[in-house]
Amino acid sequence: MPVEALLGDTVTRDYSRKLTLFNAFARPELRQAVASLGLTPGMRVVDAGCGTGDMLGVFLDEVKAAGVVVGMDLAAAHTTAARRANSPETAVLQANLSQPPLAAASFDLAWSVNTINHLRDPLAGVKALAGLLRAGGRVALGQSGFLPDMYFAWDSRLERLVTEAVRQYYRDRYQVDERDLTSTRALTGLLRRAGLGNVKVQTFVIERLSPLGAADEEYLLEAIFRGTWGERLRPYLAADDYEELTRLCDPQHPDYALRRSDFHFLQTFTLASGYV
Ligand SMILES: C[S@@+](CC[C@H](N)C(=O)[O-])C[C@H]1O[C@@H](n2cnc3c(N)ncnc32)[C@H](O)[C@@H]1O
């Protein structure tokens, strides 16, 4: 495993389906976040930890044909998916963002979402991204709420237990504890420690009500209920709590949370940026 991997990323790891589902789900808020950066045609953008490359086309829309958009990711399966999802003029590199194979001082924006928190040395990662920027360029770090910070509209006791169960799962699977995970919330401090100035932060709320659209239901059911909770949480919950959660997450059950008329979901997406 490379030294940077805190949450288990490797060249061969593949969670592309989860990434595609998240980007389809959060697309309106991600677009809003990009729009807040005020990109102009001709700018040069690198998406570090681009995953399945779902944001590359959004950047291309902003910088147009005169601009340049490059995606970079460690995982082969993710870069393959990113190449497939984008036009050939968008370069996608399989590389470690802490040692980027790109010319120094050649970009206007280094964008990195939900990735810096995967590195063992996030400061080195941000410094490497800052090194890619020309004078006046900006690093923008995005972070969606960690799973334990998601809010569903069901009983708060079960939500608290599920949150704790997810934390325990992370402790056991990756040997990271809450302090390791929450320290990455200090995005603004990280940018400042990397020597960036004029640091700004803005949080977008991803808020969904029933009836849900298809992308919303797919993400919450597949990526969260099945991919993140499901069997994984059984060892960490009392039997009756696990059963209740299973009922709420089961599309065949009348209690299925995503089709309840009181379904109301909140998650945040925070974008922090700083200039060289
Ligand atoms: C949670 S995903 C986020 C992907 C994408 N930014 C998104 O929001 O969908 C984290 C990504 O960072 C990549 N990654 C992890 N460590 C990396 C590194 N050192 N250099 C480049 N990419 C890395 C992983 O392969 C994965 O695609």
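This section reports on the structure supplied with the text. (Residues numbered from 1 in each chain as written. Predicted model: local features only at pLDDT ≥ 70, side-chain atom pairs only at ≥ 80, totals over all residues. Heavy atoms only, no water.)

Some remarks on the pattern of salt bridges
Going by this rule: What counts as a salt bridge is simple: a side-chain nitrogen of Lys or Arg found within 4 Å of a carboxyl oxygen of Asp or Glu. Each residue gets one of three labels from its accessible area relative to the maximum for its type: buried under 20%, exposed over 50%, partly exposed in between, using a 1.4 Å probe on protein chains only.
Counting across every chain of the model gives 13 salt bridges. Here Arg260 ties to Asp262 by a salt bridge, and the two come within 2.9 Å at their closest N and O atoms. We classify Arg260 as partly exposed; its relative accessible area is 24%.

What to know about helix H10 (residues 239-248)
The criterion, for reference: A run of H or I in DSSP counts as a helix once it spans at least four residues, and a run of E counts as a strand once it spans at least two, with each numbered from the N terminus. By definition, the arc is the one covered by directions from the helix axis to the C-beta atoms. Any two residues whose heavy atoms approach within 4.5 Å are treated as being in contact.
Among the residues of H10, Asp241, Tyr242, Leu245 and Leu248 are the ones counted as buried. Down the axis of H10, the buried set is contained in an arc of 120 degrees. They therefore lie on one face. Exposed side chains of H10 directed beyond 90 degrees from the buried face belong to Ala239 and Asp240. Turning to H10, the residues buried within the fold contact helix H6 (156-174) and helix H9 (214-229).

Some remarks on the nonpolar core
Selection criterion: Side-chain atoms within 4.5 Å link the members of a nonpolar core, which is a set of buried Ala, Val, Leu, Ile, Met, Phe, Trp, Tyr and Cys residues. The domain limits used here are those given by an automatic or database domain assignment.
Counting 59 residues, the largest nonpolar core has Trp111, Phe152, Phe225 and Trp229 as the members making the most contacts within it. The residues that make up this core include at least three from each of domain 1 (1-144 + 186-206 + 266-276) and domain 2 (145-175 + 211-260). Contacts of Trp229, omitting those with residues within four sequence positions, involve Phe152, Trp154, Val162, Val166, Ile224, Leu245 and Cys249. Residues Ala48, Ala130, Leu190 and Ala272 belong to the second largest nonpolar core, which totals 24 residues.

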